[in-house]
Amino acid sequence: MMDFYNLKVPQERVSFSQALTQGLGQEQGLFFPDSLPRLDAAVLGALPRHQRYQAILSPFLKGTYSDDTLAAMIAAAFPFEAPLVPVGPHFALELFHGPTLAFKDFGARFMAQCLSQLGQDQAITILTATSGDTGAAVAHAFHNLPGVRVVVLYPKGKISRPQEQLFCTLGGNIETLAVNGSFDDCQALVKAAFDDQEVKERCGLNSANSINISRLLAQVLYYWDLALAQPDLVVSVPSGNFGDITAGLMAKTMGAPIKRFVAATNSNDTVPRYLQSGQWQPHYTVATLSNAMDVSKPNNWPRVEHLLKSQGWQLAAAAVSEADTKAAIQALQILDYLGEPHCAVAFKALLDNLAPGERGAFLCTAHPAKFADSVSAILGMDLPLPPALAQAMDKPNLSKDIDAHWPALRHHLLGQ
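Residues numbered from 1 in each chain as written. Predicted model: local features only at pLDDT ≥ 70, side-chain atom pairs only at ≥ 80, totals over all residues. Heavy atoms only, no water.

1. Examining the overall build of the chain
Here is step 1 of the chain: Per the secondary structure count, the chain includes 18 helices and 14 strands.
Here is step 2 of the chain: For 416 residues, the compact-globule formula gives about 22 Å, and the C-alpha radius of gyration of the chain, at 20 Å, lands near that figure.
Here is step 3 of the chain: For the chain, the spread of C-alpha atoms along the principal axes amounts to about 60 × 45 × 45 Å.
Here is step 4 of the chain: Buried residues in the chain amount to 59% of all 416 residues.
Here is step 5 of the chain: Averaging the locations of the 30 positively and 37 negatively charged side chains of the chain gives two centres separated by 2 Å. (Helix = DSSP H or I, 4+ residues; strand = E, 2+ residues; numbered from the N terminus. Rg over C-alpha atoms; globule rule 2.2 N^0.38 Å. Buried < 20%, exposed > 50% of the residue type's maximum accessible area, 1.4 Å probe, protein only. Lys, Arg positive; Asp, Glu negative; His and termini not counted. Charge placed at Lys NZ, Arg CZ, Asp CG, Glu CD.)

Right under this line is the structure:
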């Protein structure tokens, strides 16, 4: 059985089930696998998709779930695919074919399967912050799951209305709180909750953000899909909390034939500035078109830095302006590809970081209709809503407003 250790407090070592249910370690440290198995790309490439997923996940989960249980979990979590679509000489990896039209469906649905198969005795509370797409994926994955309460925090007025409607209309065991502040304020509230021992114990607190290792293990899978379909590409990842690129670096470490990565950010450019100057200096978060990336203090950066150091790799990172984001959406349209702000950021950063003769892929993390207003305005065209979004838009929003202060959230969590 593989251990997972705390990157901040390495002597804290736990099983997968502990890392899954605990979320964060001591001193808010992130859990990481004791080792990353080296896998044979040729062998994996010959397997059907779900069998390949089982071969990738099994080294991490052996001893926690039986082979048959893991196979059933994979079938339930991943009934949708991630197609690789040609765009000019490059490729778009489309990660929005799940039920909430965003890449977060991969991690959230798998995490829900992992928790439901553990058979927890104590009721649990999933507390998570979202900058746009995590909220919907987590809410839908855990909706009506017995013994699970879900509390989602999001920055009020700073995500698109379609994003908001997808998870703020469910009700039942899903509680949504519109925080008067930024996404970084929401993350700070989640961390404060995990630092409060009484709240942790009374609520059975867990997090479904990408700080939870189960989320990242699921995201490793589609990097293998990409690499086996088109080996040796440069891969540009739209990066906010840096969980997605962590999963990509994990896949490459495990043997996925990916040439290298580009971390693409918007104007919230803490990481590109850090890689240039060596100084970690987050600015206050600014609102952009690519709102799911509006993060100034990416929680997953310690995992990224750990992987880079352990492998001796360098990471290219680029910040893309609002003007360049709009221009990239228009450039994609000329190439007969309908993009949205996040994939446009990744596309622009990819083109700016390719060497002569290199080909690349950029990740498309959300359906363009989730940003219909901005995409329509940029392209001068009407964007029809897919059924899942159209139905959600007509439902009442059930969110409650809350100030960005820990006592207010504590009062809500404890029902006082």
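2. Examining the packing of aromatic side chains
Here is step 1 of the chain: All told, the structure shown has 16 aromatic pairs when counted by the stated rule.
Here is step 2 of the chain: On the basis of an interplanar angle of 85° and a centroid distance of 5.3 Å, the ring pair of Tyr154 and Phe167 is categorised as edge-to-face. Taken together, the positions of Tyr154 in strand β7 (residues 148-155) and Phe167 in helix α7 (residues 161-167) put the pair 13 residues apart, joining distant regions of the chain. Accessibility classification places Tyr154 together with Phe167 in one group, the buried group.
Here is step 3 of the chain: Taken together, the ring pairs connect Tyr53, Phe78, Phe80, Phe106, Phe110, Tyr222, Tyr223 and Phe261 into an aromatic cluster. (Phe/Tyr/Trp six-rings, centres within 6.5 Å; stacked < 30°, edge-to-face > 60°.)

3. Here's the deal with the sheet that holds strand β8 (residues 174-180)
Here is step 1 of the chain: Overall, parallel pairing links the 5 strands, which are arranged β9-β6-β7-β8-β14 in an open sheet. Looking at which strands have only one partner, the edges of the open sheet turn out to be β9 (205-206) and β14 (400-403).
Here is step 2 of the chain: Bridge count for β7 against β8 is 6 bridges, and the pairing is parallel. By the bridge assignment for β8, Leu153 is matched with Leu177. (Pairing = 2+ DSSP bridges.)

4. Things to note about the environment of Thr69
Here is step 1 of the chain: Among the secondary structure elements, Thr69 is positioned in helix α4 (residues 67-77).
Here is step 2 of the chain: Relative accessible area serves as the criterion here: at 24%, Thr69 is assigned to the partly exposed category.
Here is step 3 of the chain: Each C-alpha atom of the pair Thr69 and Cys114 lies 9.8 Å from the other, and the pair is 45 residues apart in sequence.

5. Here's the deal with helix α12 (residues 270-277)
Here is step 1 of the chain: By the burial criterion, the buried members of α12 are Thr270, Val271, Pro272, Arg273 and Tyr274.
Here is step 2 of the chain: For α12, the elements touching its buried residues are β11 (260-265), α13 (301-311) and β12 (316-319).
Here is step 3 of the chain: Where α12 ends, the next residue or the one after it, Gly278, has phi of about 80°, a positive value. (Contact = heavy atoms within 4.5 Å.)

6. Some points on helix α18 (residues 406-414)
Side chains of residues three or four places apart in an α-helix project in the same direction, reflecting 3.6 residues per turn.
Here is step 1 of the chain: Within α18, the full set of buried residues consists of Trp406, Leu409, Arg410, His412, Leu413 and Leu414.
Here is step 2 of the chain: Tucked into the core, α18 has its buried residues touching β6 (124-129), β7, β8, α8 (183-195), α9 (197-203) and β14.
Here is step 3 of the chain: Looking at the residues trailing α18, positive phi occurs at Gly415, about 65°.

7. Concerning the environment of Thr246
Here is step 1 of the chain: Along the chain, the position of Thr246 falls in helix α11 (residues 243-253).
Here is step 2 of the chain: Apart from the residues within four sequence positions on either side, Thr246 is in contact with Leu216, Asn300, Arg303, Val304 and Leu307.

8. Some words on empty space enclosed by the protein
Here is step 1 of the chain: Under the criterion given, the structure shown has 3 cavities of 30 Å³ or more.
Here is step 2 of the chain: A volume near 260 Å³ is recorded for the largest cavity.
Here is step 3 of the chain: As for the largest cavity, its lining consists of 24 residues, of which Phe103, Lys104, Gly240, Asn241 and Ala292 are closest to the centre.
Here is step 4 of the chain: Mapped by element, the contributors of at least two residues to the lining of the largest cavity are α10 (213-229) and α11.
Here is step 5 of the chain: What the second largest cavity holds in volume is close to 50 Å³.
Here is step 6 of the chain: Every residue lining the second largest cavity is listed: Leu24, Ala129, Gln187, Val190, Lys191, Asn209, Ile211 and Asn299.
Here is step 7 of the chain: When residues of the lining of the second largest cavity are assigned to their parent elements, the largest contribution, 3 residues, is made by α8.
Here is step 8 of the chain: Looking at the lining of the second largest cavity, its residues break down into 4 nonpolar, 3 polar and 1 charged. (1 Å grid on protein atoms, 1.4 Å probe; cavity = no way out; pocket = protein on both sides within 12 Å on 5 of 7 lines; lining within 4 Å. Points joined across faces, edges and corners; volume = space filled by probe spheres on them. Nonpolar A, V, L, I, M, F, W, Y, C, P; charged D, E, K, R; others polar.)

9. Structural notes on the sheet that holds strand β1 (residues 4-6)
Here is step 1 of the chain: A sheet is described by the order of its strands in space; here 3 strands give the open sequence β2-β1-β3, paired in antiparallel fashion. A strand with exactly one partner marks an edge of an open sheet, and here the two such strands are β2 (13-14) and β3 (31-33).

10. Details of the pairing of β6
Here is step 1 of the chain: In terms of burial, β6 is largely enclosed, as 6 of its 6 residues are buried.
Here is step 2 of the chain: On β6, burial covers both faces: Ile124, Ile126 and Thr128 on one face and Thr125, Leu127 and Ala129 on the other are all buried.
Here is step 3 of the chain: Examined bridge by bridge, β6 and β7 share 6 bridges and lie parallel to one another. Note that in β7 the partner of Leu127 across the bridge is Val151.
Here is step 4 of the chain: Read from β6 through helix α6 (residues 134-142) to β7, the crossover connection turns out right-handed. (Right-handed = clockwise from strand over helix to strand, strands pointing away.)

11. Looking at the pattern of salt bridges
Here is step 1 of the chain: Following the criterion strictly, the structure yields 13 salt bridges and no others.
Here is step 2 of the chain: A salt bridge links Arg410 to Asp196, with the shortest nitrogen-to-oxygen separation between them at 2.6 Å. Of this pair, Arg410 sits in helix α18 while Asp196 sits in the loop between α8 and α9, and the two are 214 residues apart along the sequence. One exposure class covers both Arg410 and Asp196, and it is buried.
Here is step 3 of the chain: A salt bridge links Arg260 to Glu358; the shortest N-O distance between them is 2.7 Å. Placement of the pair is Arg260 in strand β11 and Glu358 in the loop between α15 (341-353) and β13 (360-364), with a sequence separation of 98 residues.
Here is step 4 of the chain: When its relative accessible area of 25% is taken as the criterion, Arg260 is described as partly exposed.
Here is step 5 of the chain: By relative accessible area, Glu358 is classed as buried at 13%.
Here is step 6 of the chain: When salt bridges that share partners are traced, they join Asp196, Glu198, Arg202 and Arg410 into one network. (Salt bridge = Lys/Arg side-chain N within 4 Å of Asp/Glu carboxyl O.)

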